[in-house]
Amino acid sequence: MNMSDLTNFNGEAFKTSLMHQLSDSSVVLHIGAIHRLTMIMYIANIRIGHGCFVSFPAQTIKEYQETKYFLVAKNLFQFMEKCPTRTIQMNENLFFALYLLSEEKPLNRTQHLGYIRSQYKKGKSDPISLSLSELSAYTNMDLFQDDKFVYKYVQTIRRITFNSQFNTDTRVNNMLPFLPYVEKKPLFKFIEGMKKSFSTSSIYLGKLEVLEIFLLVQAALLRKKNQTIIKTALICRTYIEKEYISEVLRFHFGQQLRITSLDVADSEILQRNNEYDLIISTIGNGQFITHIPNLIVSSFPSSAELIEIRQFINQYFVEHWDIDERMIYPFEEDL
């Protein structure tokens with residue numbers, strides 16, 4: 001099919017006009033929304049050209065026709081294929097307006113998070129609160145305290161809600177080829193089973209929706225892992241070794257290791273101080289405290305030694321927060 005034969009739609013002119021309209025209406029969109037909205041209008045024009053129209057209840061049109069989203073859609077009339085009746089035109093305007101609404105990003109993230117939490121405190125029977133409680137219990141983490149996760153999760157569920165109610169979904173997702181890799185993971189299966197949290201709503205969770213939520217939770221778990229600090233004593237023979245090895249460790253592990261350089265003579269500090277979680281040393285076993293894990297590295301840490309440190313960090317995280325290690329990347333088969 002030659003798409004250019006079906007519509008005279010000028011995508012670049014549409015994008016320019018849309019951005020002007022959004023600026024005038026003080027509407028801010030998520031990353032990539034301009035492209036997705038352009039696709040929506042393009043596909044809608046092809047559909048209209050074939051006499052296939054959307055239809056919404058009169059009450060839905062009445063509810064939205066005075067909103068800024070509907071006004072933006074009306075102001076983009078010149079880019080829309082002509083409809084045979086005013087009623088059909090109103091329905092097509094609403095279709096685009098609803099998709100525009102689902103792409104909106106709150107102007108002030110902090111205020112929006114405050115609003116989300118205030119709604120959460122008022123009652124925990126809504127699908128978002130129920131599903132967040134389920135996910136927090138399963139992961140053994142209070143996900144509601146992770147601002148990034150809560151913000152993006154609510155935005156995702158909001159979009160899924162619109163897609164389910166109004167069939168506005170036109171996603172082309174390049175993550176789908178990786179679905180076989182993750183759909184057997186325990187966390188993925190759990191999220192699939194969370195559909196009961198949404199059973200009283202019109203939200204539909206398909207494989208793609210479950211994958212999106214799975215990745216959001218994975219990001220939250222990894223963020224928690226990256227924020228977990230392991231207080232580390234670095235003991236070397238010379239100050240040159242200390243200087244070099246400490247920078248090597250920072251290069252590979254960032255701020256996850258909070259490194260304090262000590263001399264062999266400072267071993268009493270380790271006996272008196274119970275704040276250290278790990279000793280990394282170039283000297284060997286038997287000379288230091290036995291109740292603190294002690295990893296030996298060479299003057300030029302090898303790949304195997306760095307892998308051992310990485311494995312310690314992974315194990316420390318899952319034990320410290322009591323998290324099922326099968327649930328978080330890197331997965332067991334990747335190690």
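All of the points below concern the structure found in this document. The numbering scheme is per chain: residues are counted from 1 as the chain's sequence reads. Residues qualify for local features only when their pLDDT is at least 70, as the model is predicted, and side-chain atom pairs are given and counted only at 80 or more; totals for whole chains, interfaces and linings, by contrast, use all residues. In computing side-chain values, all of the structure's heavy atoms are included and hydrogens and water are not.

## A closer look at the pairing of strand β2 (residues 257-262)
Put simply, the rule is: In this analysis, strands are considered paired if DSSP registers two or more bridges between them. Elements are defined by DSSP. Helices are runs of H or I of four residues or more, strands are runs of E of two residues or more, and each kind is numbered from the N terminus. If the strands point away from the viewer and the path from the first strand over the helix to the second runs clockwise, then the crossover is right-handed.
Both strand β1 (residues 230-235) and β2 contribute to a ladder of six bridges, which runs parallel. When the bridges of β2 are listed, L234 appears paired with S261. Handedness of the crossover joining β1 and β2 through helix α12 (residues 239-253) is recorded here as right-handed.

## Points about the packing of aromatic side chains
As a reminder, the rule being used: Between rings of Phe, Tyr and Trp, where Trp is taken as its six-membered ring, a pair exists when centres lie within 6.5 Å; planes separated by under 30 degrees are stacked, by over 60 edge-to-face, and by other angles tilted. Each residue gets one of three labels from its accessible area relative to the maximum for its type: buried under 20%, exposed over 50%, partly exposed in between, using a 1.4 Å probe on protein chains only. Put simply, a charge is over a ring when the Lys NZ or the Arg CZ is close to the ring centre, within 6 Å, and near the line of the ring normal, within 35 degrees.
Under the defined criterion, the tally for this structure stands at nine aromatic pairs. The interplanar angle of 55 degrees and the centroid separation of 5.3 Å between the aromatic rings of F9 and F14 together place this pair among those described as tilted. Residue F14 is classed as buried on the basis of its relative accessible area of 0%. Joined through ring pairs, the aromatic side chains of F9, F14, Y42, F79 and F96 make up one cluster. One residue, K185, lies across the ring of Y181, its end atom 4.8 Å from the ring centre.

## A look at the packing of helix α2 (residues 33-49) against helix α5 (residues 86-102)
Rule in force here: Between N-to-C directions, angles cover 0 to 180 degrees, with each direction set by a line fitted to C-alpha atoms, over the stretch in contact for helices. Note on angle classes: values under 35 degrees are labelled roughly parallel, values over 145 roughly antiparallel, values of 65 to 115 roughly perpendicular, and the remainder oblique. By definition, turning the near helix anticlockwise from the far helix through less than a right angle yields a left-handed crossing, and turning it clockwise yields a right-handed one. Contacts are assigned to residue pairs that have any heavy atoms within 4.5 Å of one another.
Where α2 contacts α5, the axes come no closer than 11 Å and their chain directions differ by 160 degrees. Judged by the angle between their axes, α2 and α5 are roughly antiparallel. Every pair of crossing elements has a handedness; the one defined by α2 and α5 is right-handed. Here α2 contributes R36, L37, I40, M41, A44, R47 and I48 to the contact with α5, which in turn contributes E92, F95, F96, Y99 and L100.

## Topic: the sheet that holds strand β4 (residues 294-296)
Pairing in this open sheet of four strands is parallel, and the strands run β2-β1-β3-β4 from one edge to the other. Pairing within the sheet leaves two strands with one partner each, and these edge strands are β2 and β4. Each strand of the sheet is rotated relative to its neighbour by a mean of 25 degrees, with strand direction disregarded. Against the sheet, α12 makes contact with β1, β2 and β3 (278-281), and its axis sits at roughly 175 degrees relative to β2, the strand it touches most. With respect to the sheet, helix α14 (residues 303-320) is in contact with β1, β2, β3 and β4, its orientation differing from that of β4 by roughly 160 degrees.

## A word on the pattern of salt bridges
Note the cut-off: Counted as salt bridges are all cases of a side-chain nitrogen of Lys or Arg within 4 Å of a carboxyl oxygen of Asp or Glu.
Considering all chains together, one arrives at twelve salt bridges under this definition. Of the charged contacts in the structure, one is a salt bridge between E104 and K68, with a shortest N-O distance of 3.7 Å. Residue E104 is found in the loop between α5 and α6 (109-122), and its partner K68 is found in helix α4 (residues 68-75); the two are separated by 36 residues along the sequence. Residue classification places K68 among the partly exposed residues on the basis of a relative accessible area of 33%. Put simply, K242 and D263 hold a salt bridge, and the shortest N to O gap is 2.3 Å. Pair noted here: K242 is in helix α12 and D263 is in the loop between β2 and α13 (267-272), with a separation of 21 residues, a long-range link. A residue is classified by how much of its surface remains accessible, and D263, at 39% relative accessible area, is partly exposed. When salt bridges that share partners are traced, they join E183, E192 and K207 into one network.

## Considerations on the side chain of N45
Threshold: Any N or O atom pair separated by 3.5 Å or less is treated as a polar contact, with the protein-specific requirement of one donor-capable and one acceptor-capable atom, and with residues adjacent in sequence counted only for side-chain atom pairs.
In this structure, N45 sits in helix α2. On the basis of relative accessibility, which here comes to 0%, the residue N45 falls in the buried class. A distance of 2.9 Å separates a polar side-chain atom of N45 from the backbone nitrogen of E81.

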